[in-house]
Structure formats: C-alpha cells, structure tokens
Amino acid sequence: MKMALSSTLSRLNLIPRPWLPYTVTTLRALKLKPHKPQLLRPMWAPLTLSSFSVSAQIHRPQDDNLIVLGIETSCDDTAAAVVKSSGEILSQVVSSQADLLVRYGGVAPKMAEEAHSQVIDQVVQEALNQANVSETDLSAVAVTIGPGLSLCLRVGVQKARKTAGSFNLPIIGVHHMEAHALVARLMERELQFPFMALLISGGHNLLILAQGLGQYIQLGTSIDDAIGEAYDKTAKWLGLDMRRSGGPAIEKLAREGDAESIKFSIPMKQHKDCNFSYAGLKTQVRLAIESRNINAEIPISCASSQDRRTRADIAASFQRVAVLHLEERCERAIEWALKIEPSIKHLVVSGGVASNQYVRARLDQVVKKNSLQLVCPPPSLCTDNGVMVAWTGIEHFRMGRFDPPPPAVESEDFVYDLRPRWPLGEEYAEGRSEARSLRKARIHPSLTSIIQASLQQQH
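**Here's the deal with the pairing of strand β8 (residues 195-200)**
Right, so step 1: Burial runs high along β8: six of the six residues are buried.
Right, so step 2: Neither face of β8 is open: one carries Phe195, Ala197 and Leu199, the other Met196, Leu198 and Ile200, and all of them are buried.
Right, so step 3: Sheet topology places β8 next to strand β9 (residues 205-212); six bridges connect them, and they run antiparallel. Paired with phenylalanine 195 across the bridge in β9 is alanine 210.
Right, so step 4: In this antiparallel pair of consecutive strands, β8 and β9, the connection spans four residues.
Right, so step 5: Pairing analysis gives four bridges linking β8 to strand β11 (residues 346-350), with the strands arranged parallel. Bridged to alanine 197 within β11 is valine 348.

Below you can see the structure in the form of structure tokens.
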C-alpha cells in the first residue's frame, strides 16, 4: 500500500494491521498512577543505558486511540507531526533550511541551531493546529535524541520536554535511523519483522537486519562520507541549484548525460564486506571537474551548451558509480541476512537519498533478483520528518517503552541526554571491518544493546 503525501499536511485513513497485544498507558492513567511505575534505568539520564517505564495497575486504552506528537531537529529541517496509532497522519509540518544550505554550501551547525530555535515553536503549533488537536489531546511526545548534530538535537529535545512537562505527558526518545526504517511499517501494513533496511541520507549509510522492534543487526555502515554528502558536494562543485539539496539536482542533470563517459572506480571493491565509503569517489569527481575547467561560480543555468553537456556527463557518471556501490553492498547484505533470517521478504530503502528515482529503480532490480520486495516510503517521508518520529514513538510506547513526564520547570543545570553518535544495532561479527576510520569512540551503547539490557533487568 503506497501513498503520496503532501509535504505540509496529510490526512490518511490507513487500515491498521494486526498488532501484538501490547498495551500502553494514557495521559489520565499516568496522572493517576505516577507512583507505581515498573521503572528501568531512566532514558534521559546522560550517558546511561536507556529505559522505559510501565505502569502496571492501570486502565488500558484502545491501541488505535493514541495520539503522539513527533519532533525532529537532528540536522537541517525543523519538523513536527501528529500521528494516531491507527496509522492516520493528522498533520505534517516541515520548515526547511534550504537558503542556509545554499549560503554555506552545506550544514553549518551553529546557524542550523539558530534557525531551529527561531521556528520550533511555530512548527509545533502549526502541527497541532493542522491536526485540530491541543496538547491535552496527546498521549505522548516523541523526539529525536540522536544521532545527529548535538546543537540541533538540543532544540528539539528542549521543546519536547517543555511540552511534555507542561501537560504531564510521557516522553519517548527516538533513534533517528530507526525512525527512517520504521516509517515504512506505517505505510505498508504487510511489513512485519524480520526485514532488511538500507538507510541512506546526507549523514548516514546503514544496512541493517531488523529482527524485531529495537532489535537490529548492523550489516554495514559508512566508514567515512555517506552517499548524500557525496551528492551534495558533487552538486556544489558542478554549480547546481542547491535549494532542494544536491540529490535532486544531480539526478535531474544526470538524465542529460552519458553515464559511461567517465570511468570512476567503484569504492571498496577489494573489501568483501557491506560497509560504505564515498570519500574516494568525491575526490575522483573533484579531480574530473578540475581537469575539465568547470567553474562552479557559473551556475548551470548560465553555462554554455558544451559546458552543460560536460557537467551532465560528470553527474551521470558519478551517479552510476555511487549507486553501483550501493547495489554491491546490498547484494552481499541480502546474502548475509538470509543466512540469519531465511524468512525475510522485504528490503526497506529509506532516508533522504531514497527519494531518488534512479536509486529506487536500481535497487528494485537487486531485490527482485533475490526474490524480495522493495519497500520505499513516499518521498515526503524519506527526508527527515516528524511523522517517522511520532510513529516510532507509537511503536515503542505500545511496548511500554517511554519515560514519565519531565518536571514542568527544568532546572537550569539539567543535562540533556543527546546522542550525536548512537549506533542502531550491534555489528554483524562476520562483517566487522578493519577500516581505521570505523574505529570511533562510541559515546553511547547501541539502541539494541540498551533495550536488551533493559529487558534483562525486567526478568
């Protein structure tokens, strides 16, 4: 069941698929029984294992009556949405920082933080207005706490905690990449665990095996730059219009070019794993542009016909090789995943780059070759958005994974739990890479290990 959504407001009545019989607390129940939670370790405590609270002796509402506000500020879009647990999207609001991207040639964290701060109240209020609900109608607030830019994450978390605290609402900290994967379950009611996901955006490349909610095996990840970063830099060097980000600009220009004209080498051919690297391809592209004397100061709209053809050839050749790298890694990851979970039927492709039609078409061929089905959310749900955060919040809330309402007034020295680098799953042992750039300090344990630890504490 695939649907096209408006980028500002969508009202869909989706048929809810059968859910496991997990139930959750309501606002009223939480108000009545704040003193009897089965409390694990607090999710919002800095640098600790996550945790969730469940009130045991409470009235259990109908699952489909939950209404959750989702807030997303992990990078350069300020987004909020209101979603019902029945699958109905009541509102979706996104404030883009496209002008800043053009001005700075990418995301400037301090500028992005200021832009989030200026519009966050308006975006959240607009989401509530369009949904025709007030804060007192909400069951919970979900917010991205990582991974992302810490300055940007902070804006969303502060707003979420202020809203939740003022109206005594439970709060759910959401993993940004998990949200990209799970939004597909909102749109495809047949998508059950286990499934595979390829998450591709400006900041991340990630191949995972989703065995259950909060249970992920990382098959491959970026060891340096993600594919979206490579698209953006290539677009900038080619003098393309960056207002819609580099991906759409490259895809459009590439249709005019010869994808075989420049022989860029496919990254990491010698590494028989599922990890990604786009830094070397970026260097190849930059050198090709320099050797052809392309002046990025001259926008593509003002280029001569010969210059435009050259730029189109570079765009097409880059895109072909960038996506070939995805295809190779997906082929191997499917092979690995089927050994672990032979029942897999779907590959979810999500994240900003999943909006690219060329990417979708190529990956569709890969999955069909392996007798799988490709699942891609509509473009408006591939880029960063509040719907995916709200829906992920609903999925965890149903399982009793949430935190109690924060205080109405936060102390000035309160330390927010932000997780700029936060792995989603544990690395697949056979796919462990020796690449030096992968050896980064893990500030936080993976979401999967956190949930497993919490479950062990319950038993």
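**Points about the pattern of salt bridges**
Right, so step 1: For the structure shown, the criterion picks out 19 salt bridges.
Right, so step 2: In this structure, lysine 263 and glutamate 260 form a salt bridge, with 3.2 Å as the shortest nitrogen-oxygen distance.
Right, so step 3: Look at lysine 263 and you get exposed, because its relative accessible area is 63%.
Right, so step 4: Take glutamate 260: its relative accessible area is 43%, and that puts it in the partly exposed class.
Right, so step 5: The salt bridge involving arginine 419 is made with aspartate 417; its shortest N-O contact spans 2.6 Å. Each member of the pair, arginine 419 as well as aspartate 417, is classed as buried.
Right, so step 6: Through salt bridges that share partners, Asp225, Glu229, Lys233 and Lys282 make up one connected network.

**Describing the sheet that holds strand β12 (residues 373-375)**
Right, so step 1: Pairing within the open sheet is mixed, and its six strands lie in the order β12-β11-β8-β9-β10-β13. For this open sheet the edge positions go to β12 and β13 (426-427), each flanked by a neighbour on one side alone.
Right, so step 2: Taken together, the two bridges between strand β10 (residues 215-221) and β13 define a ladder with parallel strand orientation. Bridge pairing in β13 places isoleucine 217 opposite glutamate 426.

Reading the values: the criteria
- Residues numbered from 1 in each chain as written.
- Predicted model: local features only at pLDDT ≥ 70, side-chain atom pairs only at ≥ 80, totals over all residues.
- Heavy atoms only, no water.
- Buried < 20%, exposed > 50% of the residue type's maximum accessible area, 1.4 Å probe, protein only.
- Helix = DSSP H or I, 4+ residues; strand = E, 2+ residues; numbered from the N terminus.
- Pairing = 2+ DSSP bridges.
- Salt bridge = Lys/Arg side-chain N within 4 Å of Asp/Glu carboxyl O.

Keep in mind these numbers describe shape, not what the thing actually does.
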